[in-house]
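Commentary on secondary and tertiary structure
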Amino acid sequence: MAEHKIGIIMNGVTGRMGSNQHLARSIAAIREQGGVDLGNGEFIMPDPILVGRNEEKLKKLAEDHRIERWSTDLESCLADSYNQIYFDSQTTVRRAESIQQAIQAGKHIYCEKPTATTMEESLELANQAKDAGIKNGVVQDKLFLPGLLKLKRVIDSGFLGEILSVRMEFGYWVFEGDWQEGQRPSWNYRKEDGGGIIVDMFPHWRYVLDNLFGEVQSVSCLGVTHIEERVDENGRAYKCTADDAAYATFELDGGIIVQANSSWAVRVNRDDLLTIQVDGKEGSAVAGLRDCKVQHRVNTPKPVWNPDIENPFNFEEQWDEVPANQLFDNAFKIQWEMFLKHIHQDDEFPWDLLEGAKGTQLSDLGLKSWEERCAVEVPKLHT
Ligand SMILES: NC(=O)c1ccc[n+]([C@@H]2O[C@H](COP(=O)([O-])OP(=O)(O)OC[C@H]3O[C@@H](n4cnc5c(N)ncnc54)[C@H](O)[C@@H]3O)[C@@H](O)[C@H]2O)c1
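Residues numbered from 1 in each chain as written. Predicted model: local features only at pLDDT ≥ 70, side-chain atom pairs only at ≥ 80, totals over all residues. Heavy atoms only, no water.

**Quick look at the packing of helix α5 (residues 119–132) against helix α9 (residues 353–372)**
Running from amino to carboxyl end, α5 crosses α9 at an angle of 170°, the nearest separation of the two axes being 8 Å. Between α5 and α9, the angle falls in the class roughly antiparallel. Contacts from M119, E120, S122, L123, L125, A126 and A129 in α5 reach L353, L354, A357, T360, Q361 and D364 in α9. (Axes fitted to C-alpha atoms, helices over the stretch in contact; angles between N-to-C directions. Helix = DSSP H or I, 4+ residues; strand = E, 2+ residues; numbered from the N terminus. Parallel < 35°, antiparallel > 145°, perpendicular 65-115°, else oblique. Contact = heavy atoms within 4.5 Å.)

In structure tokens form, the structure reads like this:
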């Protein structure tokens, strides 16, 4: 049984995304299952070196996941040719500089979104990677969620007919940190530290829309900071300088209209933290993180407006669940496995730094639309 080891520098792995999604649920899980199965009796075995500033945290994380290598010295990790991939899940403001360093060291790049805080910086990274001839990829995890994979299946089947519109509701209440601890890091609410829901979520909306429905052509966005003061990890009150909600409309290729509400100041009264409703001429679908339900035109009820009587419809019950019909793995792990195959045997991997830059482009233009209070065209992006 041939095993192909791939050395991966994992930077930012002590953070929320790094330790939960990328280490525990992806890399450690792949190691525990015996590697990425190539189907010919051969396996790719990721061999991470955990990188960060805090020795104690790294040591503990390494022990917890039975990983031998960890380091506080990024430069020496980059100098070691055994490490083929540089992975980054640091806070957004730190990412571009470290990726540039890794590109110069000849490493392949895989990283969290947003790839940088501005489009220029993101595009520069894509250009540098192209010039250096290294392979590169950006996390686009929502594409691999069970609910969105089911939705993609529904779209590909033709069930919806011509798609007219999409409504996306994303968000939940993020506690302010005073009487209950906030469930997201405090930098998310400070613009100067790379925070803001537009910078955070629009990169996701870009690849979801581009990949499922059609390329985004224009954006109209209103941002707002609903909660003006929060309390940080050390119990100190701070002023929120970044947007915590964004109310946007996108126009897509083919005339599809998308309304997307993103908010960390909303209480959930829907099936999931993200729901995507798609209305087509033939049928409709509503996808959440894991589930997807559909209603065909022949099953569509015929309500008549009459508030003088009790509502005779139970609208929720008039939808059919799309069955799983397969096992769904963790979304981050699926993409990691694809990237490792891309590195080892050149399998296709379209979600590169240019795609990442498109995400940052949409957040930049969302911010511009908000500032100028107008709809903004989204020009095509090239390396
Ligand atoms: N794909 C997704 O769904 C998703 C979800 C949330 C966050 N993210 C992105 O992932 C990234 C990390 O977010 P998070 O929520 O894990 O943040 P976090 O604050 O929990 O983790 C940040 C990491 O960066 C490191 N770091 C911070 N400042 C540093 C410094 N000065 N020097 C060296 N290292 C430093 C921290 O030690 C930690 O390891 C962000 O870019 C965020 O936008 C992606």
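**Here's the deal with the pattern of salt bridges**
One pass over the structure, following the stated rule, counts 20 salt bridges. D88 is paired through a salt bridge with R95; the nearest N and O atoms lie 3.3 Å apart. Residues D88 and R95 agree in their burial class; the two are buried. Across the salt bridge formed by K333 and D329, the nearest N and O atoms sit 2.6 Å from each other. (Salt bridge = Lys/Arg side-chain N within 4 Å of Asp/Glu carboxyl O. Buried < 20%, exposed > 50% of the residue type's maximum accessible area, 1.4 Å probe, protein only.)

**Remarks on α9**
The end-to-end C-alpha distance of α9 is 28 Å, a good match for the 28 Å that 20 residues give at a rise of 1.5 Å each. Taking burial as the measure, the 20 residues of α9 include 15 buried ones, the bulk of the element. Directly beyond the C-terminal end of α9, a positive phi value near 55° is found at R373. (Expected span 1.5 Å × (residues − 1).)

**A look at the sheet that holds strand β18 (residues 376–377)**
Spatially, β17-β16-β15-β14-β8-β13-β12-β9-β18 is the arrangement adopted by the nine strands of the open sheet, whose pairing is mixed. Strand pairing shows two members of the sheet lacking a second neighbour, β17 (320–321) and β18, which therefore form its edges. Note that strand β9 (residues 216–224) and β18 share two bridges and pair antiparallel. The residue bridging S218 from the neighbouring strand is E377, located in β18. The strands touched by helix α6 (residues 146–157) are β8 (163–171), β14 (274–280), β15 (283–287) and β16 (292–296); relative to β16, the strand with the most contacts, the crossing angle is about 25°. The strands touched by α9 within the sheet are β9, β12 (245–252) and β18, with β9 carrying the most contacts at an inclination of about 55°. (Pairing = 2+ DSSP bridges.)

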